[in-house]
Amino acid sequence: MLFLIAFTLSGKDIMAPSVMMCIMFLVSTCFTLLNVERWNIHYSLEACILISTGILTFVMAETIFRFVFCRQLKGNKQIKEYHDVCAYDLKTWKLILFLAFNMVVCILYLRSIVSTVGENLSNLSSYFVAYRRLGISALKDKGTSGVRGYLHPLLWVVTASGYVSIYLFINNWIAGRKVIYKQVCLLLTLVVSAFPDMMSGGRSGILKLGSAVLITYYILWHQKNGWTRNLSWKYIRVGIVSLFVGIPAFYYSLGMLGRTTDKSIGDYVSYYLGASIENFNQYLKAPVKRGAWGEESLVSVKKVLHYIGLGEISHSYNLEFRPIGSGSSNIYTFFRRPLHDFGIVGMYLFVVFIGFFFAWMYFKKIKYKEKRQTISWVLIYGYFYYWMIC
């Protein structure tokens, strides 16, 4: 019901923030329902009400923002279409230089990982696993993880290059200017930009880039063909196919990163996609005592404030594990952190703020705007869209 409400209010825009939020909660809930008996779930009415009203709050916040600030829901207002996607004339030497820069930074990062872990492991993937464990331990104890020093900002550039490559590749593809060797350079830059995250034993970087591909193509396609044309039904089919392809890829990528599991693909994926719904239920039944205001929702903010001498750093980036079935999980849905930090009323206000934030970027800064006005916003939105998927 919430999905249908969001899909209708958004004008059948399948990639609108509220619609995507409903879709992901639908997917999570379906995987939870498949494991009700195996995980011995006894779901509370309180958890059901908080999740449902929390999603509805997000949907209504987005709708109210569009009505008040974007004026997109006031009568039959004529929408101007631009169809102004033009190809970029990319210099080959710049593409090659940027790709070479990324590869050099990745090699330096690999050397840093090896020196940090110690040169006594059997294979490369073992270094990635060991480095990931060190990073998690450092994050818990010090509030920071990963490489420091001059490599830190260079890795930012490598990450950013992935999103820029996605934008340029898709833009030129849609514009009809497919110079093959230049497109290949952009693809290689995109692939290399995912290496740092993989070398730290994670797969979130790949999911972030995949999320950016989906939303960037969606936006640029509409900027080329007009927002009155609908791509939603095609994207629904793409989403279904992506689940069937992405789930096995996610599971079997464990070996490439040196990580192992004794769970079947069904069990493993169920924990990732469905455990958050049950974990939220468990948290409500046995909540954790709050140590400081905003300790879970504002980890990065508190880190910055601590850096300038204002307050203590938060160590709640990773939450506590709870047993589910024969395994455990520490994912609790979007609503756990603001509920823990700010209480029930604060949770709803936090949801409204996040709803306004995404609606402001998508509906105010991107949708129905001239392309030249939206370039930086599409890049930024592509980076943040992972939040909606995750």
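This text goes with the structure placed above it.
Residues numbered from 1 in each chain as written. Predicted model: local features only at pLDDT ≥ 70, side-chain atom pairs only at ≥ 80, totals over all residues. Heavy atoms only, no water.

Section: the overall build of the protein
Argument step 1. On a plain count of helices and strands, the protein comes out with 14 helices and 2 strands.
Argument step 2. By residue count, 45% of the 390 residues in the protein fall in the buried class.
Argument step 3. Of the roughly 20,600 Å² of accessible surface on the protein, a fraction of 66% belongs to carbon and sulfur atoms.
Argument step 4. If the 40 positive side-chain charges of the protein are averaged to one point and the 19 negative ones to another, these points end up 9 Å apart. (Helix = DSSP H or I, 4+ residues; strand = E, 2+ residues; numbered from the N terminus. Buried < 20%, exposed > 50% of the residue type's maximum accessible area, 1.4 Å probe, protein only. Areas by Shrake-Rupley, 256 points an atom, 1.4 Å probe, with all protein chains shown as cover. Lys, Arg positive; Asp, Glu negative; His and termini not counted. Charge placed at Lys NZ, Arg CZ, Asp CG, Glu CD.)

Some details on the pattern of salt bridges
Argument step 1. Tallying each qualifying case throughout the model produces 7 salt bridges.
Argument step 2. With its nearest N and O atoms 2.7 Å apart, the salt bridge here joins Lys367 to Asp13. Of this pair, Lys367 sits in the loop between helix H13 (336–364) and helix H14 (371–389) while Asp13 sits in the loop between helix H1 (2–9) and helix H2 (17–33), placing them 354 residues apart in sequence.
Argument step 3. Using a relative accessible area of 6% as the deciding quantity, one classes Lys367 as buried.
Argument step 4. One salt bridge connects Arg336 with Glu296, and the closest N-O pair in it is separated by 2.7 Å. Placement of Arg336 in helix H13 and of Glu296 in the loop between helix H11 (265–285) and helix H12 (299–307) is noted, with a sequence separation of 40 residues between them. Note on accessibility: Arg336 and Glu296 belong to one class, buried.
Argument step 5. Connected through salt bridges with shared partners, the residues Glu296, Glu320, Arg322 and Arg336 form a single ionic network. (Salt bridge = Lys/Arg side-chain N within 4 Å of Asp/Glu carboxyl O.)

What about the packing of helix H9 (residues 204–225) against H14?
Argument step 1. Relative to each other, H9 and H14 sit at 140°, their axes nearing to 8 Å. Put simply, H9 runs oblique to H14. Where H9 crosses over H14, the handedness of that crossing is right-handed. When H9 is examined against H14, the residues Ser204, Leu207, Lys208, Ser211, Ala212, Ile215, Thr216, Ile219, Leu220 and Gln223 are found in contact with a partner set consisting of Lys371, Thr374, Val378, Tyr381, Gly382, Tyr385, Tyr386 and Ile389.
Argument step 2. Across the contact of H9 with H14, the residue classes tally to 10 nonpolar, 6 polar and 2 charged. (Axes fitted to C-alpha atoms, helices over the stretch in contact; angles between N-to-C directions. Parallel < 35°, antiparallel > 145°, perpendicular 65-115°, else oblique. Left-handed = near helix turned anticlockwise from the far one by under 90°. Contact = heavy atoms within 4.5 Å. Nonpolar A, V, L, I, M, F, W, Y, C, P; charged D, E, K, R; others polar.)

Regarding the packing of H13 against H14
Argument step 1. For the pair H13 and H14, interaxial distance at closest approach is 10 Å and the crossing angle is 145°. The handedness of the crossing between H13 and H14 comes out as left-handed. From H13, Phe357, Phe358, Trp360, Met361 and Tyr362 reach across to H14, where they touch Trp377, Ile380, Tyr381, Phe384, Trp387 and Met388.
Argument step 2. When its residues are assigned to classes, the contact of H13 with H14 shows 11 nonpolar, no polar and no charged.

Things to note about H11
Argument step 1. A rise of 1.5 Å per residue sets the reference length of H11, with its 21 residues, at 30 Å; its end C-alpha atoms lie 29 Å apart and thus fit the reference within 8%.
Argument step 2. Along H11, the sharpest change in direction is near 55° and occurs at Gly274.
Argument step 3. With 15 of its 21 residues buried, H11 lies for the most part within the structure. (Expected span 1.5 Å × (residues − 1). Bend = angle between axes of the 7 residues up to and from the residue.)

Brief notes about a nonpolar patch on the surface
Argument step 1. On the surface, Ile5, Leu9, Leu56, Met60, Ile64, Phe67, Val68 and Phe69 cluster together into a nonpolar patch covering about 640 Å² of accessible area.
Argument step 2. At the level of elements, H1 and helix H3 (45–70) are the ones that each hand at least two residues to the nonpolar patch.
Argument step 3. With 6 residues, H3 is the single largest residue contributor to the nonpolar patch.
Argument step 4. Accessibility expressed as a relative area gives 34% for Leu56, which makes it partly exposed. (Patch = residues over 30% accessible without salt bridge, like charges linked within 9 Å, V, L, I, M, F, W, Y side chains within 5 Å.)

Comments concerning the nonpolar core
Argument step 1. With 67 residues, the main nonpolar core has Met15, Tyr218, Ile219, Phe280, Phe335, Tyr362 and Tyr381 as its most contacted residues.
Argument step 2. Ignoring sequence-local partners within four residues, the contact set of Tyr218 consists of Asp13, Ile14, Met15, Trp227, Leu231, Ser232, Tyr235 and Tyr362.
Argument step 3. Ranked by size, the runner-up nonpolar core spans 13 residues in total, among them Val105, Phe128, Leu155 and Val192. (Core = buried A, V, L, I, M, F, W, Y, C linked by side-chain atoms within 4.5 Å.)

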